[in-house]
Amino acid sequence: MMSWRWSKKILLTFFLLGVLLAGRGGASEDDEEVTITEEVVEEAEETEDVVYSTPRQIENAYVMETFDDLIAFEKKWIKSQAKKEGVDEDIAKYNGVWVLEEAEKMPLTGDRGLVLKSKAKHAAISVPLRKPFAFLDKPLVVQYEVNLQNGQECGGAYIKLLTAKDGGTDLKNFNDKTPYTIMFGPDKCGNDFKLHFIFRHVNPLNGEIEEKHAKASRPREKVEEPFKDKKPHLYTLVIRPDNTYDISIDQEVINTGSLLEDFTPPVNPPKEIDDPDDFMPKDWDEREKIPDPDATKPDDWDEDAPMQIQDPDAVKPAGWLDDEPEMVPDPTAEKPEDWDDEMDGEWEAALINNPKCADAPGCGEWKPSMIDNPNYKGKWRPPMIDNPNYRGKWKPRTIPNPEYFEDLEPFKMRPIGAVGIELWSMSDNILFDNLIVTDNTAEADQLAADTYDLKIMKLEKGQVGVFRRIIKYSNKNPWLYGIYVLLVAIPVVLIFTFCCAEVKDSKDAKRKKTDEPTEDDPHAEEEEEGDAAAGKAEEEPMVDAAAASEESPDNAESDSAKDGKDEEEKDEEDTEAKSDKEESQQRTSPRLRKSRRE
């Protein structure tokens, strides 16, 4: 059998082989990504001192904001001066307080965010894009961080991508009525947790605009977590020209679908609709079953019979105390000294259980127990039969939908000109950070690596950042999952082979483990006879020694009479003789003693 030492060497060899393959497999696609393992290890070793520096501006991005530069922020961002329509004057103003400051919990040195400091107030702020985003042949990528530092009771932390026309870029008057193209982000009130993705679709027939809501994100726990844990979370939306989209939280996709199929109401209306002028005929019978018109109530059917009656066989137990109440006034109770009959009413002692009823089967008026009435039938109803006039469930006829259209490219939405945050929240200290609108997912990933990942490393000592990067790298290189399966499967097979397989001992090995003869041993009898003879040979000297030791005291006594030895020497000789006997018996093996008994 192969030794365990060699098994460990084989396992180690396969493991190193898998690591080597994992390190080289993706080099042909992107040389920079191959170094991700080294970067992750280095960052994990430096979690105690995570160094942050403001990322350089991504020139191709439509907007990129880290909120680290107060002067640049004041130049670009515009606080709304509008008033909300249809509400009281006291709360109509958009007077929520916005400031730039570091996070309250373990901030990175030099890292600031946009914080909504007030609650129960309308707040609106926005920034124009460097140039409008047109939905043509490149994807739209929107990403930003949110940290609900005090949790969230009721309110949102979503953003709006404002339409580049129809007043969407009048940012000083930015309010809830300002036209937007997309709304994206978390929202909550009570137990209703949402992650909005809403886009406003233009009807190609009449130009009307209708909101389309994406299906709910899964898993639900992932959507709820940011409202409770008071940590930063990264929200990413990617919409592609092929009408597909992905929604991610913390770089994990939790919702994916199609603009054409996964929105309510759907982008395209049905080709046919029910005729609004079609009504069910009066003689149309939808009843599948009807009461039997020929059935009559039986003469002995008593609808007034009660459901329960007193048990006619019940007998009052012997010793029942009819004249004793179950509760009596407490004889030890005394009227309080400060009791005022005029103010408090007539004083009465508190009631206690009647002590006379303790040993009796019952007190007070005895009543028989109630049982189900065998004659009870309830209200009579005729049995149901098949309806001979049944014509099925009526449905109106369908007609072509006069408002039908087919838009196969809902991705081509109205262009975006600005990003706005318009909120009303019952929680304060909502922090927004590291906003980017781009057409390149790699740019969004790079910004997340330079900002969000560093925050997580500091908050969770690098573990979350390391595993997220490994998973992300594996998702970009799916062949790695094959290596992972191989690394797991090979050790399992080897362990099963070397540890769980049945080991058969040879006959010689069995003989080495025991002195018992085996059935197929032709020399077994000879060995047994030889052992018996050896035992007998050893037994005879032992018996002689024992006999000699028993006679030694008498001999010693006679010698002492002749030679004049003292009593002390005789005792020593006697003790030595007994010791020799015991040693001789101990040297006799159990096998010899067994042979002697036989």
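Keep in mind the model is a prediction, meaning the values are calculated, not measured.

The rules behind each value
- Residues numbered from 1 in each chain as written.
- Predicted model: local features only at pLDDT ≥ 70, side-chain atom pairs only at ≥ 80, totals over all residues.
- Heavy atoms only, no water.
- Core = buried A, V, L, I, M, F, W, Y, C linked by side-chain atoms within 4.5 Å.
- Buried < 20%, exposed > 50% of the residue type's maximum accessible area, 1.4 Å probe, protein only.
- Helix = DSSP H or I, 4+ residues; strand = E, 2+ residues; numbered from the N terminus.
- Contact = heavy atoms within 4.5 Å.
- Salt bridge = Lys/Arg side-chain N within 4 Å of Asp/Glu carboxyl O.
- Polar contact = N/O pair within 3.5 Å; in protein donor to acceptor, adjacent residues only side chain to side chain.
- Phe/Tyr/Trp six-rings, centres within 6.5 Å; stacked < 30°, edge-to-face > 60°.
- Lys NZ or Arg CZ within 6 Å of the ring centre and 35° of its normal.

## So, the nonpolar core
Here's step 1: With 62 residues, the main nonpolar core has Leu114, Leu140, Ile182, Phe197, Ile239 and Phe432 as its most contacted residues.
Here's step 2: Considering every element that reaches this core, the biggest residue donor is strand E5 (residues 122–133), with 6 residues.
Here's step 3: Once you skip the residues sitting within four places of it in the chain, Ile182 turns out to touch Phe135, Leu140, Ile159, Lys160, Leu161, Phe197, Ile198, Phe199, Leu237, Ile239 and Met413.

## Things to note about the pattern of salt bridges
Here's step 1: Inspection of every chain in the model, using the stated rule, returns 26 salt bridges.
Here's step 2: Linking Glu252 and Lys222 is a salt bridge whose minimum nitrogen-to-oxygen distance equals 3.5 Å. With a gap of 30 residues between them, Glu252 in strand E14 (residues 252–258) and Lys222 in helix H6 (residues 220–224) connect regions that are remote in the sequence.
Here's step 3: Note on Lys222: relative accessible area 17%, which makes it buried.
Here's step 4: A salt bridge links Asp386 to Lys289; the nearest nitrogen and oxygen atoms lie 2.5 Å apart. Taken together, the residues Asp386 in strand E22 (residues 384–386) and Lys289 in strand E17 (residues 289–291) connect sequence positions 97 residues apart.
Here's step 5: Three or more residues joined by partner-sharing salt bridges are found here, namely Asp111, Glu145, Asp433 and Lys455.

## Things to note about the environment of Asp68
Here's step 1: Secondary-structure assignment places Asp68 in the loop between strand E1 (63–65) and helix H4 (70–76).
Here's step 2: Relative accessible area serves as the criterion here: at 8%, Asp68 is assigned to the buried category.
Here's step 3: Residues Asp68 and Pro55 lie 13 residues apart in sequence; the distance between their C-alpha atoms is 9.6 Å.
Here's step 4: Apart from residues lying up to four places away in sequence, Asp68 is in contact with Tyr52, Thr54, Gly110, Asp111 and Arg112.
Here's step 5: Among the polar contacts made by the side chain of Asp68, one reaches the side chain of Thr54 at a distance of 2.8 Å.

## Brief notes about the packing of aromatic side chains
The geometry of an aromatic ring pair is captured by two quantities: the separation of the ring centres and the angle between the planes.
Here's step 1: A full pass over the atoms with the stated rule returns 16 aromatic pairs.
Here's step 2: Plain terms: the ring middles of Tyr62 and Phe133 are 5.1 Å apart, the flat faces sit at 75° to each other, and that makes the pair edge-to-face. Placement of the pair is Tyr62 in the loop between helix H3 (36–45) and E1 and Phe133 in strand E5, with a sequence separation of 71 residues.
Here's step 3: Residues Phe133 and Phe135 carry aromatic rings whose centres are separated by 5.0 Å and whose planes lie at 85° to one another, so their mutual orientation is edge-to-face. The same class applies to Phe133 and to Phe135, which are both buried.
Here's step 4: Between Arg200 and the ring centre of Tyr180, over which it is positioned, the NZ or CZ distance is 5.1 Å.

These figures come from the coordinates and say nothing about function on their own.
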